[in-house]
Amino acid sequence: MKSFEFFKPTLATASGRLALLLATAVSLIGYPNPATAATFDVGVGFSHPPIGYFPPSFNPSSVTIHPGDQVKWTWVSSGHSTTSGSPGMPNGIWDSGIRSQGATFTHTFNSVGTFPYYCTVHGETGQVIVTPIPPPVADFNNDGKPDFVLFNASTRQTVVWYMNDNVLIGKAVGPTLLVGWQVVGVADFNRDGHPDYLLFNSITHQTAISYLSGATNIANASGPTLPSAWTPVATADFNNDGKPDYLLFNPSTRQTYLWYLNNNVLTSKAAGPVLPPGWSPVAP
């Protein structure tokens with residue numbers, strides 16, 4: 001996304017009036033566990049390739065999941081297998097056998113690690129990467145304790161304050177936002193184990209995600225644009241698919257709405273309750 005510029009000034013530039021945007025409650029996320037595991041789909045084979053062109057047998061060839069999640073392979077053409085291990089060296093974790101078009105095979109991954117696999121017929125390879133389930137808090141330094149995100153309205157600078165309960169133990173400079181943008185939520189949108197910023201532009205009603213590693217911006221992506229009068233007020237995994245969603249609120253009509261996302265892509269919507277006058281939603 002081209003609407004952001006980031007730099008890393010010293011912590012001294014973050015001095016001044018710091019407005020507290022987010023703390024622990026803003027970023028509580030319901031990550032999956034075995035009872036609410038997510039399923040990831042992988043296609044096996046290829047469909048009507050042009051003559052002389054043979055694409056990989058697995059699409060996508062690499063998926064990243066959490067313990068308790070499962071991968072479901074679906075055969076789009078006949079005569080392939082998904083077999084754990086390397087070509088010629090199966091390791092016995094799973095083996096679908098050679099199957100025909102329309103067949104499916106599912107395996108649940110309960111351990112952290114990288115699991116290579118291949119097709120015993122054609123030798124094409126794939127992998128499943130299982131990463132630890134992040135703690136359900138905005139834990140930017142992975143010490144198991146929630147941290148603060150601070151914002152300086154004058155400099156547009158964000159700063160992460162690392163906390164031990166109520167005690168400040170360290171600081172790190174985060175990305176600087178352009179005028180018009182603000183942080184409205186924190187969640188691990190790309191499921192890499194690091195909290196990300198959900199950004200909102202109140203003028204254009206555009207949302208965006210600033211992907212972080214600790215407090216460092218590593219990438220950006222555009223999110224869905226909201227209708228006028230609606231604002232995002234929180235992020236959480238409302239439908240238990242292991243992926244953060246938007247909670248929207250219309251202060252004029254008092255209506256709430258849930259937008260279900262897959263990373264930065266809107267997949268579906270659902271109306272929430274209408275709130276009584278004088279009440280507003282806060283982050284779960």
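Before reading on, note that the structure itself is shown above.
Conventions used here
- Residues numbered from 1 in each chain as written.
- Predicted model: local features only at pLDDT ≥ 70, side-chain atom pairs only at ≥ 80, totals over all residues.
- Heavy atoms only, no water.
- Pairing = 2+ DSSP bridges.
- Helix = DSSP H or I, 4+ residues; strand = E, 2+ residues; numbered from the N terminus.
- Axes fitted to C-alpha atoms, helices over the stretch in contact; angles between N-to-C directions.
- Contact = heavy atoms within 4.5 Å.
- Salt bridge = Lys/Arg side-chain N within 4 Å of Asp/Glu carboxyl O.
- Buried < 20%, exposed > 50% of the residue type's maximum accessible area, 1.4 Å probe, protein only.

## A few points about the sheet that holds strand β21 (residues 265-274)
Read across the open sheet, the four strands follow the order β18-β19-β20-β21; overall the sheet is antiparallel. Since the sheet does not close on itself, it has two edges, and those belong to β18 (231-236) and β21, each with one partner. Looking at each pair of strands side by side, their axes are set apart by 25° on average, direction ignored. Sheet topology places β18 next to strand β19 (residues 245-250); five bridges connect them, and they run antiparallel. Within β19, the position partnered with Thr-231 by the bridge is Phe-249.

## What about the environment of Pro-281?
Looking at the secondary structure, you find Pro-281 in the segment after β21. Between the C-alpha atoms of Pro-281 and Phe-249, which are 32 residues apart in sequence, the distance is 7.4 Å. The residues contacting Pro-281, other than those within four sequence positions of it, are Val-233, Leu-247, Phe-249, Thr-256 and Leu-275.

## Observations regarding the pattern of salt bridges
Under the defined criterion, the tally for this structure stands at one salt bridge. Of the charged contacts in the structure, one is a salt bridge between Asp-69 and Arg-191, with a shortest N-O distance of 2.9 Å. Residue Asp-69 is found in the loop between β4 (62-65) and β5 (70-75), and its partner Arg-191 is found in the loop between β14 (181-187) and β15 (196-201); the two are separated by 122 residues along the sequence. Take Arg-191: its relative accessible area is 6%, and that puts it in the buried class.

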